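Residue-level structure breakdown
Here is how the chains run, residue by residue.
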Amino acid sequence: MIYALARFLKSGGYDNVYTDNMPSEEALPEAVGLFCLEHTVAPENDGTGTFFVQIKVRRKNGEKAYNDCRSIFRTLDSGLDEMPIRFTDEKWCIARPQKGAVIVERTAETTTYGCEIALWGEN
């Protein structure tokens, strides 16, 4: 699921999207990191599960980091009607926001904001 999410974000215009890691600030000051914090399997054992994902957005400009993080957070919301979000032709999910954009780190060169989402779909 996390790799499909990375492709989805790249197709949406986000560059330097990484899964389960993020390059150092020195190597790449502007990046997006996707981190799978937990993966739970449905009790019915129907082949679905929930992926809890942390998203970190690092930018040279703090406001840009916040706006990009917030934009990703809002994009990954299936809403009250639980409309599926298609990452690829084969991969879809119901996305639920968990924690909104908050500052994670600030250095002299960059600012990083993070948010958390839950993605329910096929394991």
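Up top is the structure.
Residues numbered from 1 in each chain as written. Predicted model: local features only at pLDDT ≥ 70, side-chain atom pairs only at ≥ 80, totals over all residues. Heavy atoms only, no water.

**Observations regarding unusual backbone geometry**
Leave glycine aside and you will find that most residues have negative phi; peptide bonds, for their part, are mostly trans. The residue aspartate 20 is not glycine, and still its phi comes out positive at about 55°. You can see aspartate 20 is positioned in the loop between strand E1 (17–19) and strand E2 (31–41). Its identity as a non-glycine residue notwithstanding, glutamate 82 has a phi of 50°, on the positive side. (Helix = DSSP H or I, 4+ residues; strand = E, 2+ residues; numbered from the N terminus.)

**With respect to the packing of aromatic side chains**
Inspection of the entire model under this criterion finds three aromatic pairs. When the ring of tyrosine 66 is compared with that of tyrosine 113, the centres are 5.3 Å apart and the planes differ by 70°; the resulting orientation is edge-to-face. Of the two residues, tyrosine 66 sits in helix H2 (residues 62–75) while tyrosine 113 sits in strand E6 (residues 111–122), which places them 47 residues apart along the sequence. It is lysine 56 that lies over the ring of phenylalanine 35; its NZ or CZ is 5.2 Å from the centre. (Phe/Tyr/Trp six-rings, centres within 6.5 Å; stacked < 30°, edge-to-face > 60°. Lys NZ or Arg CZ within 6 Å of the ring centre and 35° of its normal.)

**Considerations on the sheet that holds strand E3 (residues 48–59)**
The six strands are arranged E1-E2-E3-E6-E5-E4 in an open sheet whose pairing can be described as mixed. Where the open sheet ends on each side, the last strands, each with one partner, are E1 and strand E4 (85–86). With three bridges joining them, E1 and E2 adopt parallel strand pairing. Of the residues in E2, the one forming a bridge with threonine 19 is leucine 34. Relative to E6, H2 is tilted by about 10°, and along the sheet it contacts E2, E3, E4, strand E5 (92–106) and E6. (Pairing = 2+ DSSP bridges. Contact = heavy atoms within 4.5 Å. Axes fitted to C-alpha atoms, helices over the stretch in contact; angles between N-to-C directions.)

**Re helix H1 (residues 2–11)**
Turning to H1, its buried residues number three or more, namely Ile2, Ala4, Leu5, Ala6, Phe8 and Leu9. Where H1 is buried, its residues meet E1, E2, E3, H2, E4 and E6. Note on H1: the residue one or two positions beyond its end, glycine 13, has a positive phi of about 105°. (Buried < 20%, exposed > 50% of the residue type's maximum accessible area, 1.4 Å probe, protein only.)

**A look at the nonpolar core**
In this structure, Leu5, Leu34, Ile55, Leu76, Phe87 and Leu119 are the most contacted members of the largest nonpolar core, which totals 28 residues. If you list the elements that add at least two residues to this core, you get H1, E2, E3, H2, E5 and E6. Considering every element that reaches this core, the biggest residue donor is H1, with six residues. Apart from the residues lying within four places of it in its own chain, the contact partners of leucine 34 are Ile2, Leu5, Ala6, Leu9, Val17, Tyr18, Thr19, Asp20, Asn21, Gln54 and Ile55. (Core = buried A, V, L, I, M, F, W, Y, C linked by side-chain atoms within 4.5 Å.)

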